[in-house]
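# Structural description and commentary
If you want the building blocks of each chain, they are given just below.
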Amino acid sequence: MKTLFAVISLLVAAGAWAQVPDGGAAAPDADAGVPTGVLTKPPVLLRQVEAPYPPDAAAQQLEGTVVMVIDISETGAVTNVEVSQPAGHGFDEAAVEAVKQFQFEPAEVDDVPAPVRIQYAYQFVFRPVAPAPLEDGGVAAPEAPVNFSGRALERGTRKPLVGAEVVLPELDLSAVADGEGRFAFRGVPLGTHEVLVVLGGYDRFRTQETFTEGRETQATYYVQKRIFSPYETVVRSDRERKEVTSTTLQVAEVQRVPGTQGDTLKVVQNLPGVARPAFNGGDLVIRGTSPQESGVFLDGLRIPLLYHFGGLTSVYNSDLLEALDYLPGNFSAYYGNITGGVINVRSREPRMDRIHGTVGVSLVESSAVIEGPITENLGFAVGGRRSYIDLVLGVIPEGEDGPSLQVAPRYYDAQLKLVWKPLSRHVFSLQGLTSRDRLALVFDRPADDDPTVNGNLDVTTGFNQLRLRHEYKGEALRLDTQALVGDTLVEFAIGERNLRIHSTDLNLRSTAELSFGDVFTFAGGVDVATSLAHVNARVQRPPREGEPPMPLVTEELLTTDGDFTQFFPSAWVEGRWRPVKGLLVVPGVRAEGYVFTDQEHAKGSLDPRLAVRYALTDAWTLKGGVGVYHSPPIQDEPSIAFGNPELRAKRSFQYGLGAEWQPLPEWFVSSEVFYNDLDDLIVRSDGLVERDGELVPERLKNGGVGRIYGLELLVRRSLTDRLFGWISYTLSRSERRDAPGARWRKFDNDQTHVLTAIASYKLPRGWEVGARFRFASGNPTTPVVGSVRDDGTDVFLPLYTAVNSRRLPSFNQLDIRVDKNFVFDQWTLDVYLDLTNVYNNAAVEGIAYNYNYTQSAWFEGLPILPILGVKGAF
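Everything quoted here is computed from the prediction, not taken from an experiment.

Procedures and definitions
- Residues numbered from 1 in each chain as written.
- Predicted model: local features only at pLDDT ≥ 70, side-chain atom pairs only at ≥ 80, totals over all residues.
- Heavy atoms only, no water.
- Helix = DSSP H or I, 4+ residues; strand = E, 2+ residues; numbered from the N terminus.
- Buried < 20%, exposed > 50% of the residue type's maximum accessible area, 1.4 Å probe, protein only.
- Contact = heavy atoms within 4.5 Å.
- Areas by Shrake-Rupley, 256 points an atom, 1.4 Å probe, with all protein chains shown as cover.
- Phe/Tyr/Trp six-rings, centres within 6.5 Å; stacked < 30°, edge-to-face > 60°.
- Core = buried A, V, L, I, M, F, W, Y, C linked by side-chain atoms within 4.5 Å.
- Pairing = 2+ DSSP bridges.
- Axes fitted to C-alpha atoms, helices over the stretch in contact; angles between N-to-C directions.
- Salt bridge = Lys/Arg side-chain N within 4 Å of Asp/Glu carboxyl O.
- Polar contact = N/O pair within 3.5 Å; in protein donor to acceptor, adjacent residues only side chain to side chain.
- Patch = residues over 30% accessible without salt bridge, like charges linked within 9 Å, V, L, I, M, F, W, Y side chains within 5 Å.
- Lys, Arg positive; Asp, Glu negative; His and termini not counted.
- Charge placed at Lys NZ, Arg CZ, Asp CG, Glu CD.
- pLDDT = per-residue confidence, 0-100.

All right, on to the overall build of the protein then. Broken down by element type, the protein carries 4 helices and 56 strands. Sorting the 874 residues of the protein into buried and exposed places 51% on the buried side. Restricting the contact set of the protein to residue pairs at least 6 apart, pairs at least 24 apart contribute 67%. Counting every atom, the protein has about 37700 Å² of accessible surface; 58% of that belongs to carbon and sulfur.

Here is the structure:
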C-alpha cells in the first residue's frame, strides 16, 4: 500500500487571486509606489512527508480526504495545522503529523516573501499491495515507452490541475500532473484499467481506459471542483501600509453582491462612510460631501464618470478589474485636488495561458470580454457593453390618443488593454477607454392642448481616453509613469435651454519609490492635469448646495460661448519610516497649483499630511492621521458667466483616529472616529467686483465653513470557500454655515445613520445565495410653507422655511441574489436572479407639489425590480 501525496487545493495557478482578510487593510495603491497586496507567487512544496496508511482503514480498504487549513510562514515553514473537514478512521491524525513536517518555498505578495494561509487536502487512496519483484540477478529490462499520457484540467475553466495525482489503483501506478496539468505513464499493461484523478478541493474523477498493442492512449480529464468559483483565493497576513483607513475589494469577493447586478464598482456604496444616493443611483457621497468633492481613479489617473445614467452599471467592465481601493479620508499625498474620498480602480493584466472569453446578457444590457496572449510577452484584453432599453421601447407602438412620448435611453462602453513585458523588470501597457450615454425625451402635443408640455429633453455624456504606462520594478527602485490624452463631452438641451461642454484632457503622472532597507522608503512624484474646453451655454444659473428648487421660468438666462482652460500642476513627496517593529510613520506634503482662464492671479496650496499605524499585538492595531486637503473650483464655478475665476480652493483639515482587531485571518473589525473642518466653501454672492475697469457680478465667493464628524464601523468576514460578507455602520453629521453669523444647517447629503449587512454563501451543486439589507436616514429637505403668484410669469413661487430643516422618511430595503452555476467541460454558465427591493418598500426620494403648492405627496423611487441574467465564460 502507498499513500497518495497531498496536494494544495487552492494555489493552482500563477495568476491566483490574493484575498485580503482585513476589511481592506491591504497595502495601498500600486500607483502610490507601494505594494498592492497581490499574490505574485504561490507557495511551492519542497519537502513532503508521506503519512502512514492507518491500519484499521487499510484492513477495511477505506479511502478518505482530510481537509486542513495550514499557515505557512514567510520562510516556508508550516506554523499551524487545523482540520476543517475530518475523515475519521485515523486519517486525520496521520495527515496532520505528516503536514507539520512539510517545507515550502514561501509565497510572495508583491514579489516579497509573505505568510499565507491556505486550504490543503490530504487524500488517502487504497491500493492493493503489489507483488515484490523477483531478485534473479538478471539484467534490468529497458525502460518501456510511454503508452498513456494526457492532461488534468479543471472542469469549466480548463485551468491546469497542478499537483493532481493520476492513479491506476489496480496496478499501483501513479503520476503527478506538472505545471500544465500534463502526466505520462510508461509500460501500462494491455487491457482495460480504472483511472483515478484526485486533488484536494475537487471531486474524485473515475473512468476506465483501454490500452492496446502499439498505440499510445491520450486523454484529457476535466475534474469538477467541489465549490466552484472561477477565482482562486488565499487568506494572507496583513502587510504594513500608509493609509489610515483603506478598504480593498477583490473581484472574487464582490462580483455577486445582491442589488449590484454583478458590478464590482457599485459595491463601494455599501462601505462605511458612504451615504445612500437618491434613487439608488450612481452618486458617491463620502462622509457627507458632495459627489464632486470625491475622486474616481483608474490605475491612479482620474476618469470623468464612474457610472452610466442612473447608476445602473459602471463605465468599466468588472471582468477586467483586479481590485478596488476605497479611501474615505486622511489619504496620502499621492492623491490631491479633492476634499472628499478616493475610489481607485485597479485594472488587471490579460491572462496569458490561452484565449479566454466571457459573454453576459441581462434584461437591460449585454457585455463581452475576450483576452489572451498575442506573443510570449504581449497580451491583450478587449471588453464592450451596450444597453438595449431603447431598442425594446422602439418596438412599442404609440397610442392614437394623448401625448406621444418618445424615449431613447442608451449607453455603451468599451475597453482595450495591451500589456508588453520585453524585460523582466519592465512593463509597458496601452489602454483605451470609451463611454457614451444618451437620454432623449420628446413630447408632442397640439399647441392648443397644453403648450407648457411641449418641449424636449436631450442629454448626452461621454468620454474617450488613451493611456500609456511604463513600470520599472527594481529591488530598491520602482518607477511608474503614465500619460493620458482624451476628451469629455457633456451636452443637454431642455426646450430653449442648452449646454455643451467639449474638453480635451491631458494628464501626466510620474511616481518614484526608493527603499533603504526595511526601515525607510522615500516616495514622490508629479501629477499634472490639463483641460482645454469649449463651452456653449444658454441656461439658468445652476442651483448650489442647499438651494431649494425654484421654477426655471423665473431665473435669468445666462449665456457664454468660448474656450476655457484649467491647469492643475502638483508635486508630492512622502517618507515611510519603520523605526521599530509594528510602527509605521508616514509624513508627506503635496503642493498644488490652480490656473483658470480669465484668472488674474494663479492660486496654489501646500498640504502637509501625517499618518501613523502601530501594531500593539498580532491582532490589535492603532491608527491615526491628520492632514490638509484642497479642492479647486469645478465645473461652472471659475467662469465669468456663471461664477468667479478668482475663487480660491476649498480647504479641509481632516483628523482620524481608530483601531483594528483581527482575531483570525478571516475576520476583521475596524472602527474609526473622524472630524473634517471645512472652510473657504464656495457660496452664492450678490456683490460686484471690478474687472477690466468695470463692475461685474461676483456671483460666487469663498464664504462658507463646514464641519463633518462621525464614527465608522466595519465587521468583515473574508471570502474563503463558501462564505463572505460584512456589516458596515456609519454615524455622522455634516453641517455648514454659508455666511458669518448664519445658522448652521445640514448638508444636502447628510445621513445620520447608514447600516448595511451583506452575506453570500456557496451551496452544493453550483448554487449560491446572497442577501443585502440597508437602512439609512432620510436626506434633508426644505419644506414649502406657502406660495405667491408672480404676475410677470403667471406662475406660483414657493415660500420655503429654513434650509434643510426637515428630513425625509428613513430608507430600508432588502435585496436577494440567487446564482446557479452550470459547469461544462470547457466552459461555464451562470444563471442569476438579482431581486432588488424584495418586499417592495419604495423609498421616499422627495416631495412633489401641485402648481400652486397647496397639495403635496411623497415622490417615491423604484418598486421591486427583478433582473434576470446569464453569463457564460470559457
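The final tally for this structure, using the stated rule, is 28 aromatic pairs. Summarising the aromatic geometry, the rings of Phe297 and Tyr335 are spaced 5.0 Å apart at their centres and angled 65 degrees between planes, so their arrangement reads as edge-to-face. With Phe297 in strand β21 (residues 295-298) and Tyr335 in the loop between β23 (321-327) and β24 (342-347), the pair connects residues that are 38 residues apart, well separated along the chain. The exposure class of Tyr335 is buried, given its relative accessible area of 1%. Judged by centre distance (5.7 Å) and plane angle (15 degrees), the ring pair of Trp620 and Trp661 falls under stacked.

Let us look at the nonpolar core. In a soluble, globular protein the nonpolar side chains are often hidden away together inside. The biggest cluster of nonpolar side chains holds 32 residues, and the ones touching the most others in it are Leu324, Tyr326, Ile343 and Trp726. Elements supplying a minimum of two residues to this core: β21, β23, β24 and β44 (723-737). With 3 residues, β23 is the single largest residue contributor to this core. With near-sequence residues (within four places) excluded, Ile343 lies in contact with Val268, Leu284, Ile286, Gly295, Val296, Phe297, Leu324, Asp325 and Tyr326. Within the second largest apolar cluster, 26 residues are counted, among which are Met68, Val78, Ala107 and Val116.

This next bit is on the sheet that holds strand β11 (residues 165-168). Strand order across the open sheet formed by 4 strands is β12-β11-β14-β15, with antiparallel pairing between neighbours. With partners counted over all chains shown, the strands left at the sheet margins are β12 (173-176) and β15 (205-211), one partner each. Adjacent strand axes in the sheet meet at a mean angle of 25 degrees, parallel and antiparallel pairs treated alike. Where β11 lies against strand β14 (residues 191-198), 3 bridges are found, and the strand directions are antiparallel. Within the sheet, the bridge partner assigned to Val167 lies in β14 and is Leu196.

What follows is about the pattern of salt bridges. Across all of its chains, the model carries 54 salt bridges by this definition. Close ionic contact of Lys871 with Asp319 constitutes a salt bridge, the shortest N to O distance being 2.7 Å. Of this pair, Lys871 sits in strand β56 (residues 865-873) while Asp319 sits in the loop between β22 (301-302) and β23, placing them 552 residues apart in sequence. Judged by relative accessible area, which is 13%, Asp319 ranks as buried. Residues Asp738 and Arg745 are paired through a salt bridge, measuring 3.1 Å at the closest nitrogen-oxygen approach. One network of salt bridges, with partners in common, ties together Glu63, Glu194, Arg204 and Arg206.

Strand pairing in a sheet relies on backbone hydrogen bonds, with the paired strands running either antiparallel or parallel. The sheet built from 3 strands is open, its strands ordered β13-β10-β16 with mixed pairing. Both edges of this open sheet fall to β13 (182-186) and β16 (217-223), since each of them pairs with a single strand only. Across the sheet, the mean angle separating the axes of adjacent strands is 20 degrees when strand polarity is ignored.

The subject of this paragraph is unusual backbone geometry. Of note, Gln61 is a non-glycine position whose phi angle comes to about 55 degrees, a positive value. Note that Gln61 resides in the loop between α1 (55-59) and β4 (64-72). Unlike most non-glycine residues, Arg765 shows phi in positive territory, near 60 degrees. Mapped onto the fold, Arg765 is located in the loop between β46 (753-762) and β47 (767-776). By relative accessible area, Arg765 is classed as exposed at 72%.

Right, let's talk about the side chain of Arg576 for a bit. Considering the arrangement of structural elements, one finds Arg576 in strand β35 (residues 557-577). Within the local environment of Arg576, its side chain forms a polar contact with the side chain of Glu513, the two groups lying 3.5 Å apart.

On to the environment of Ile867. When you line up the elements, Ile867 lands in strand β56. Residue class for Ile867 comes out buried when judged on its relative accessible area of 7%. In this structure the C-alpha to C-alpha distance between Ile867 and Leu363, which are 504 residues apart in sequence, comes to 6.2 Å. Contacts of Ile867, omitting those with residues within four sequence positions, involve Gln261, Ser362, Leu363, Val364, Tyr832, Leu833 and Asp834.

A few words now on the side chain of Glu471. Position of Glu471 relative to the elements: it lies in strand β31 (residues 455-473). What Glu471 contacts, discounting residues up to four positions off in sequence, is Arg425, His426, Val427, Leu479 and Asp480.

Let's shift gears to a negative patch on the surface. Taken together, the side chains of Asp598, Glu600, Glu690, Asp692 and Glu694 present a region of like negative charge at the surface. Structurally, Glu690 is set in strand β41 (residues 688-691). Classification of Glu690 by relative accessible area gives exposed; the value is 59%.

Together, Leu477, Leu479, Leu514, Phe516, Val519, Phe520, Phe522, Val573 and Trp577 make up an exposed nonpolar region whose accessible area comes to about 750 Å². Counting residues per element, the ones that place at least two in the nonpolar patch are β32 (477-494), β33 (497-516), β34 (520-540) and β35. Along the chain, Trp577 falls in strand β35. The exposure class assigned to Trp577 is partly exposed, which follows from its relative accessible area of 43%.

Bridge analysis of strand β38 (residues 620-631) against strand β39 (residues 650-664) gives 12 bridges, and the strand direction is antiparallel. In the strand pairing of β39, Leu622 is matched with Ala659. Sheet analysis places β39 next to strand β40 (residues 667-684), joined by 12 bridges and oriented antiparallel. What sits directly across from Leu664, in β40, is Trp667. Between the antiparallel neighbours β39 and β40 lie 2 residues.

This paragraph deals with the environment of Glu574. Position of Glu574 among the secondary structure elements: in strand β35. As for Glu574 and Phe522, which are separated by 52 residues in sequence, their C-alpha atoms are 6.2 Å apart.

Our next topic: the confidence of the model for the protein. On average, residues of the protein carry a pLDDT of 84, and 87% of them reach 70 or more. In this model residues 1-36 is a low-confidence stretch, pLDDT under 50, and it forms 169 contacts with partners more than four residues away in sequence or in other chains.

Below, the discussion takes up the pairing of strand β26 (residues 365-375). Examined bridge by bridge, strand β25 (residues 356-362) and β26 share 6 bridges and lie antiparallel to one another. Opposite Thr358, over in β26, you have Val369 as the bridge partner. With antiparallel pairing between neighbouring strands as the criterion, β25 and β26 make up a hairpin whose turn holds 2 residues. Bridge count for β26 against strand β27 (residues 378-387) is 10 bridges, and the pairing is antiparallel.

Let's shift gears to helix α2 (residues 91-99). Most of α2 is tucked away, with 7 of its 9 residues classed as buried. All of the buried residues along α2 are Phe91, Asp92, Ala94, Ala95, Val96, Ala98 and Val99.

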